Amino acid sequence: MSTGKIKAAFFDIDGTLAAVKTHMIPESTRKALAALKEKGIYRIISTGRHPLEVEEENILPGLTFDGAIWLTGQFCELDKKCILQNCFLADQLMILKEFLIKNGRSCIFLEKDAMYCNLIDERILKEQAGIGTTVPPVRDIEDLEKREILQAVPFIEEAEEKELLSLLPSCKLTRWGEGVVDFLPGGGGKEQGILAICRAMGITPAEVIAFGDAENDISMLRLAGTGVAMGNGAETVKEAADYVTDPIDQDGIWNALVRFGAI
């Protein structure tokens with residue numbers, strides 16, 4: 001844990017900034033973000049979501065940020081400028097496409113300016129409803145390998161997860177639901193987004209505080225000088241963090257920022 005001056009704060013969205021499914025944002029969180037701005041501390045989103053999703057679903061109404069790590073680190077912005085974009089290779093997309101067809105599984109595909117799925121089944125409906133988000137439109141994936149895909153979200157079980165990783169061992173996978181995972185090309189992850197933003201800002205991860213609640217936040221919390229797990233987070237996340245704050249609906253973000261002298 002770093003005790004130095006905090007220059008940037010990174011926040012997961014679901015279960016951290018906003019409640020899962022309802023997307024309710026505590027008033028104390030809004031005040032905390034405003035206080036960070038007054039202190040000149042950069043406020044950065046760090047999420048597995050796509051910017052289109054956040055905008056169309058109005059997930060963070062009334063909030064502004066200085067930068068964002070989108071798609072679990074695949075696309076990053078600082079001061080509205082793209083500083084990192086990491087896409088799948090064509091041969092990786094061929095293998096993924098064949099896996100999905102063979103197993104008859106649905107998958108969401110995320111490009112910089114588009115998101116869509118290959119098919120709609122009960123699993124995708126259940127998991128998307130679980131996070132309060134609509135299912136994106138269906139699009140044919142016959143020429144998938146010709147596209148710039150930043151992240152895939154296959155709706156698969158743990159046994160299928162092992163099969164997919166055996167086919168594409170250089171890729172990364174994190175589970176965020178019973179029947180769904182984030183699937184990234186090698187080099188992805190929220191921690192890679194933090195590193196890219198730190199380089200662009202001229203700071204080090206030791207000068208960062210990061211907040212999260214789920215498995216895909218673990219690498220980010222471990223990298224940050226101060227990694228904070230939400231009280232409503234998974235036990236594995238709490239174990240990886242430097243500090244466990246209160247749950248989201250008990251002013252968790254505000255309380256931790258006060259404790260570490262950021263506000």
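Please refer to the structure placed before this passage.
Basis of the calculations
- Residues numbered from 1 in each chain as written.
- Predicted model: local features only at pLDDT ≥ 70, side-chain atom pairs only at ≥ 80, totals over all residues.
- Heavy atoms only, no water.
- Buried < 20%, exposed > 50% of the residue type's maximum accessible area, 1.4 Å probe, protein only.
- Helix = DSSP H or I, 4+ residues; strand = E, 2+ residues; numbered from the N terminus.
- Arc of directions from axis to C-beta.
- Contact = heavy atoms within 4.5 Å.
- Polar contact = N/O pair within 3.5 Å; in protein donor to acceptor, adjacent residues only side chain to side chain.
- Patch = residues over 30% accessible without salt bridge, like charges linked within 9 Å, V, L, I, M, F, W, Y side chains within 5 Å.
- Areas by Shrake-Rupley, 256 points an atom, 1.4 Å probe, with all protein chains shown as cover.
- Salt bridge = Lys/Arg side-chain N within 4 Å of Asp/Glu carboxyl O.
- Pairing = 2+ DSSP bridges.

1. As for helix 4 (residues 122-130)
Considered for burial, the residues of helix 4 that qualify are Arg123, Ile124, Glu127 and Gln128. Summarising the axial view, the buried residues of helix 4 lie within an arc of 120 degrees, below the 170-degree limit, and thus occupy one face. Exposed residues pointing more than 90 degrees away from the buried face of helix 4 are listed as Glu122 and Lys126. Looking at the buried positions of helix 4, the neighbouring elements they touch are helix 2 (51-56), strand 6 (107-111), strand 7 (114-117), helix 5 (158-167), strand 9 (172-177) and strand 10 (180-184). Two or three places before arginine 123, at the opening of helix 4, aspartate 121 has a side-chain oxygen 3.2 Å from that residue's backbone nitrogen. Directly beyond the C-terminal end of helix 4, a positive phi value near 70 degrees is found at glycine 132.

2. Regarding a nonpolar patch on the surface
On the surface, a cluster of nonpolar side chains totalling about 270 Å² of accessible area is made up of Ile120, Leu125 and Val138. Among the structural elements, valine 138 can be located in the loop between helix 4 and strand 8 (151-154).

3. Considerations on the sheet that holds strand 11 (residues 208-212)
The eight strands lie next to each other as 5-4-3-2-1-11-12-13, forming an open sheet whose pairing is mixed. Sheet topology places strand 5 (81-85) and strand 13 (243-244) at the edges, where each strand pairs with a single neighbour. Relative to strand 12 (residues 226-229), strand 11 runs parallel, the two sharing four bridges. The residue of strand 12 that forms the bridge with glycine 212 is alanine 229.

Don't take any of this as a statement about function, it's just geometry.
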